[in-house]
Structure formats: C-alpha cells, structure tokens
Amino acid sequence: MSACISPSDASLAKRLIQLTQAGLPLVDDPWAWLGSRLGLTPGATLALLQRLQADGVIRRIAAVPNHYRLGYRQNGMTVWDVDDEKIDRLGPQVGALPFVSHCYRRPRRHGWRYNLFAMVHGRSASEIEDYRGRIRTLLGRASLADDMLVSTRILKKTGLRLPHAD
C-alpha cells in the first residue's frame with residue numbers, strides 16, 4: 001500500500017479492494033453496502049476509495065459496460081503507423097472519438113511498425129470498417145500505414161485480484 005495509507009488503514013483498504021475487485025454491487029447505495037461490511041459510514045468508505053485513487057493504489061472507479069450485451073458484437077483493434085512528430089497531437093484526438101474505447105501509444109518493435117492502437121466497437125463489420133475510415137481521415141497524411149486486428153472471441157477481462165483474507 002502507499003506510504004500515505006496508515007498501517008491501520010492498509011488492512012481496511014485491502015478488505016475494500018477485495019469487496020470491490022469484481023465490481024461495485026448493484027444496489028441503491030453501494031457506499032453504504034460497502035461501509036456496512038467494513039464498519040465505516042458511506043462517506044468514510046467513499047473517502048477511503050478516493051484516497052486510494054489519489055495515492056495511485058487504484059486507478060479509477062468507473063462503470064464498465066458489457067458492450068456485447070448492448071449489441072456491439074464487432075470489435076477491432078486498429079493499429080496505425082503515425083508520424084512520430086504528429087502522434088502527440090493526433091493520438092488524443094483519436095482517443096476522443098466516441099466509437100474508440102481504448103487508445104494507446106506504443107513503441108515500435110522490430111517487425112511491427114505500428115505505434116498507435118485504437119479499439120473500436122460496432123454492431124457490424126461494416127460499421128467498424130467505417131470507424132477505421134474515419135480514423136484514417138482524421139490522421140490524414142500523418143498515417144503511413146494501418147491495419148485492423150478483429151476480435152474472434154470474447155476473453156474474460158478482469159483487473160487485479162487479491163486473495164481473500166482468512
């Protein structure tokens with residue numbers, strides 16, 4: 001745990017992470033639900049989560065929708081060879097597109113020329129191809145090449161899992 005978390009809070013923080021690592025409960029007041037299990041008020045529970053986030057122990061507290069259940073069954077990781085002098089300006093613009101869920105700059109590797117990755121989700125193969133075309137238009141001549149790696153199956157996505165305390 002972070003140096004900003006006291007030793008007495010470290011055990012409480014670990015229990016909080018264990019309670020939330022599979023997601024927040026779908027209840028009217030998740031902070032009260034968590035607090036009742038931790039012996040904290042809802043406000044103290046939220047404050048602890050915010051402190052863990054500020055200290056870098058957890059990255060974010062967010063909803064993670066299941067895009068397959070929402071009808072978005074086509075997925076493609078678009079990969080781009082973007083001019084290194086323009087990627088710092090263009091990468092955030094790609095990441096801000098409403099159909100891009102993840103956008104990362106990555107170092108080039110031997111035999112792999114691509115340095116910008118943008119995940120798109122759509123309802124059909126033609127829709128994700130259209131999205132790829134829109135990214136291509138946005139990047140213009142700064143894009144020297146691109147490709148798309150299309151998902152063929154769903155993999156379970158999870159974050160860090162701590163063992164349950166005995």
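That block above? That's the structure.
All values reported here derive from a predicted model rather than from experimental measurement.

## Section: the pattern of salt bridges
According to the stated counting rule, one finds seven salt bridges in the structure shown. When the shortest N-O distance is used, the salt bridge between Asp81 and Arg113 registers 2.8 Å. Taken together, the residues Asp81 in strand S1 (residues 74-82) and Arg113 in the loop between strand S2 (100-105) and strand S3 (116-122) connect sequence positions 32 residues apart. Given a relative accessible area of 5%, Asp81 falls into the buried group. Where Arg132 meets Glu129, a salt bridge forms, and the shortest distance between an N and an O atom there is 3.2 Å. Pair noted here: Arg132 and Glu129 are both in helix H5 (residues 125-139), with a separation of three residues, about one helical turn. For Arg132, a relative accessible area of 12% corresponds to the buried category. Owing to a relative accessible area of 37%, Glu129 belongs among the partly exposed residues under this scheme.

## Focus on helix H2 (residues 30-38)
Of all the positions in H2, only Pro30, Leu34, Gly35 and Leu38 are classed as buried. Projected down its long axis, H2 carries its buried residues within an arc of 130°, all on one side. Gly39 sits one or two residues past H2 and shows a positive phi near 75°.

Reading guide: rules and limits
- Residues numbered from 1 in each chain as written.
- Predicted model: local features only at pLDDT ≥ 70, side-chain atom pairs only at ≥ 80, totals over all residues.
- Heavy atoms only, no water.
- Salt bridge = Lys/Arg side-chain N within 4 Å of Asp/Glu carboxyl O.
- Helix = DSSP H or I, 4+ residues; strand = E, 2+ residues; numbered from the N terminus.
- Buried < 20%, exposed > 50% of the residue type's maximum accessible area, 1.4 Å probe, protein only.
- Arc of directions from axis to C-beta.

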